[in-house]
Amino acid sequence: MTTSSDAKADLHRYLQTAREALLWKLEGLSEYHIRRPLTPTGTNLLGLVKHVAGVELGYLGATFGRPAEEPLPWLGDDAETNADMWATADESRQSIVGLYRRAWSHADATLEALPLDTIGKVPWWPAGRDEMTLHHAVVRVLTETHRHAGHADIVRELIDGDVGERKDRDSMAPGDPAWWESYRNRLERAARQADDRSAAQG
């Protein structure tokens, strides 16, 4: 049972869990697979990492007067749409993962240095509606990182069937491939039966 009342420590712990889960989804994959778009809107693993790096540097850096020292050209006013959601062939895995790890350090330093009730200004929000507390900013980044880690879960499963939160703890029901196939088929039958009943009821 957890009884800690340290809000910063709790927020950081859950944020770090999401960060590590997201990066783990890249492990063991080729350059093609970490960049491969697997949804109609182009969702891909390395692009998710690139995106959340910018999110951390923005909300937990620039918003509190601590802009990143390195430029992020894909977030500039003249950048093409969705440039932060995918990696070009010239953007290496190492450079994007390295950027994300530096973003962690930068964000963690902000969290350590400032009280949670510190008010910052989000540079890209409209004037007059641009204020945010550090507590709100951390919750926002934490939520977004977990959301994208969930996207990465699905993308990785589509690539090679690898699933779970971490290599040493997959948080999945026990079952071999035959069990999972039977389970999936059962869900498919239930979905079709529900659809048939709905159609019959008009």
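Each remark here, short or long, concerns the structure printed above.
Cut-offs used in this document
Residues numbered from 1 in each chain as written. Predicted model: local features only at pLDDT ≥ 70, side-chain atom pairs only at ≥ 80, totals over all residues. Heavy atoms only, no water. Core = buried A, V, L, I, M, F, W, Y, C linked by side-chain atoms within 4.5 Å. Buried < 20%, exposed > 50% of the residue type's maximum accessible area, 1.4 Å probe, protein only. Helix = DSSP H or I, 4+ residues; strand = E, 2+ residues; numbered from the N terminus. Contact = heavy atoms within 4.5 Å. Axes fitted to C-alpha atoms, helices over the stretch in contact; angles between N-to-C directions. Parallel < 35°, antiparallel > 145°, perpendicular 65-115°, else oblique. Nonpolar A, V, L, I, M, F, W, Y, C, P; charged D, E, K, R; others polar. Salt bridge = Lys/Arg side-chain N within 4 Å of Asp/Glu carboxyl O. Phe/Tyr/Trp six-rings, centres within 6.5 Å; stacked < 30°, edge-to-face > 60°. Expected span 1.5 Å × (residues − 1).

Visitor: Please give an account of the nonpolar core that cites residues and values.
Guide: In this structure, Leu-22, Leu-23, Leu-26, Leu-45, Val-49 and Tyr-100 are the most contacted members of the largest nonpolar core, which totals 25 residues. Within the residue set of this core, elements represented by two or more residues are helix H1 (7-24), helix H3 (45-59), helix H4 (93-113) and helix H5 (134-160). Sort the elements by how many residues they give to this core and H3 lands first, with seven residues. Residues contacting Leu-23, with those up to four places away along its chain left out, are Val-49, Val-97, Tyr-100, Arg-101 and Trp-104.

Visitor: Before we move on, could you go through the packing of H1 against H4 and cite the residues and values that matter?
Guide: Interaxial distance between H1 and H4 falls to 12 Å at its minimum, and their mutual angle equals 180 degrees. Classified by the interaxial angle, the pair formed by H1 and H4 is roughly antiparallel. Each of Lys-8, His-12, Gln-16, Arg-19, Glu-20, Leu-22 and Leu-23 in H1 lies in contact with H4, whose residues at this interface are Val-97, Tyr-100, Arg-101, Trp-104, Ala-107, Asp-108, Leu-111 and Glu-112. Split by residue class, the contact of H1 with H4 holds seven nonpolar, two polar and six charged.

Visitor: Before we move on, can you summarise the pattern of salt bridges with the specific residues and values?
Guide: If you walk through the whole model with that rule in mind, you get 10 salt bridges. For Asp-108, the salt bridge identified is with Arg-19, shortest N-O distance 3.1 Å. Residue Asp-108 is located in helix H4, and its partner Arg-19 is located in helix H1; the two are separated by 89 residues in the primary sequence. Using a relative accessible area of 22% as the deciding quantity, one classes Asp-108 as partly exposed. Taking the shortest distance from any N to any O, the salt bridge between Glu-70 and Arg-102 comes out at 2.8 Å.

Visitor: Run through the packing of aromatic side chains, naming residues and quoting values.
Guide: Within the structure shown, the criterion is met by six aromatic pairs. A ring pair is formed by Tyr-100 and Trp-104, whose centres lie 5.3 Å apart and whose planes are at 80 degrees; its orientation type is edge-to-face. Remark: Trp-104 and Tyr-100 occur in helix H4; sequence separation between them is four residues, near one turn of the helix. On the basis of relative accessible area, Tyr-100 is assigned to the buried category, the value being 0%.

Visitor: Report on helix H6 (residues 177-200), specifying residues and quantitative values.
Guide: End to end, H6 covers 35 Å across 24 residues, agreeing with the expected 34 Å (1.5 Å per residue, within 8%). Taken from the residues just after H6, Gly-202 is the one with a positive phi, measuring 80 degrees.

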